[in-house]
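Here are the chains, one letter per residue:
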Amino acid sequence: QVQLVESGGGLVQAGASLRLSCAASGRTFSSYTMAWFRQAPGKEREFVFAISGSGGATLYAASVKGRFTISRDNAKNTVYLQMNSLKPEDTAVYYCAAKPAWNLVSGTKEYDYWGQGTQVTVSS
């Protein structure tokens, strides 16, 4: 069982940056693919970024290319999402997710564990 706790959300203006963190429980963090998803009001949850257990491979959504980056610190059981040049359309609840095994996938059903989410609001 893996428990995930997100932090770092907030209200910012367009063009600003935020860094989200997701702290995971458990002793096998490095064996999990970690991902970030987001869900805006009235919309389905969508994939943002994923990172392999070693951190050597990533997968991202086209909408965040060049603006967001993902990283992980396996010694701290934490994965990060650095968000730069934020836009109002990035406004959403951001969720951290985990799946055992290292293949990078973007489907919500592929992930076994989820955090409770952190709100990101970008004003224009």
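This text follows the structure it describes.
What counts and what doesn't
Residues numbered from 1 in each chain as written. Predicted model: local features only at pLDDT ≥ 70, side-chain atom pairs only at ≥ 80, totals over all residues. Heavy atoms only, no water. Salt bridge = Lys/Arg side-chain N within 4 Å of Asp/Glu carboxyl O. Buried < 20%, exposed > 50% of the residue type's maximum accessible area, 1.4 Å probe, protein only. Helix = DSSP H or I, 4+ residues; strand = E, 2+ residues; numbered from the N terminus. Disulfide = S-S within 2.5 Å.

**Some remarks on the pattern of salt bridges**
Here comes step 1: Evaluation of the coordinates by the stated rule reveals 3 salt bridges.
Here comes step 2: The partner of Glu 46 in a salt bridge is Arg 38, with the nearest N and O atoms 2.6 Å apart.
Here comes step 3: You can call Glu 46 partly exposed: its relative accessible area is 36%.
Here comes step 4: Look at Arg 38 and you get buried, because its relative accessible area is 6%.
Here comes step 5: As a salt-bridge pair, Arg 67 and Asp 90 come within 2.7 Å of each other at their nearest N and O atoms. With Arg 67 in the loop between β6 (58–60) and β7 (68–73) and Asp 90 in the loop between β8 (78–83) and β9 (92–100), the pair connects residues that are 23 residues apart, well separated along the chain.
Here comes step 6: Under the relative-accessibility criterion, Arg 67 is labelled buried at 10%.

**Quick look at the state of the cysteines**
Here comes step 1: This model, assessed by the stated rule, comprises 1 disulfide.
Here comes step 2: With a sulfur-sulfur separation of 2.1 Å, Cys 22 is cross-linked through a disulfide to Cys 96. An S-S torsion of about -80° defines the bridge between Cys 22 and Cys 96 as left-handed. Placement of Cys 22 in strand β3 (residues 18–24) and of Cys 96 in strand β9 is noted, with a sequence separation of 74 residues between them.
Here comes step 3: Note on Cys 22: relative accessible area 0%, which makes it buried.

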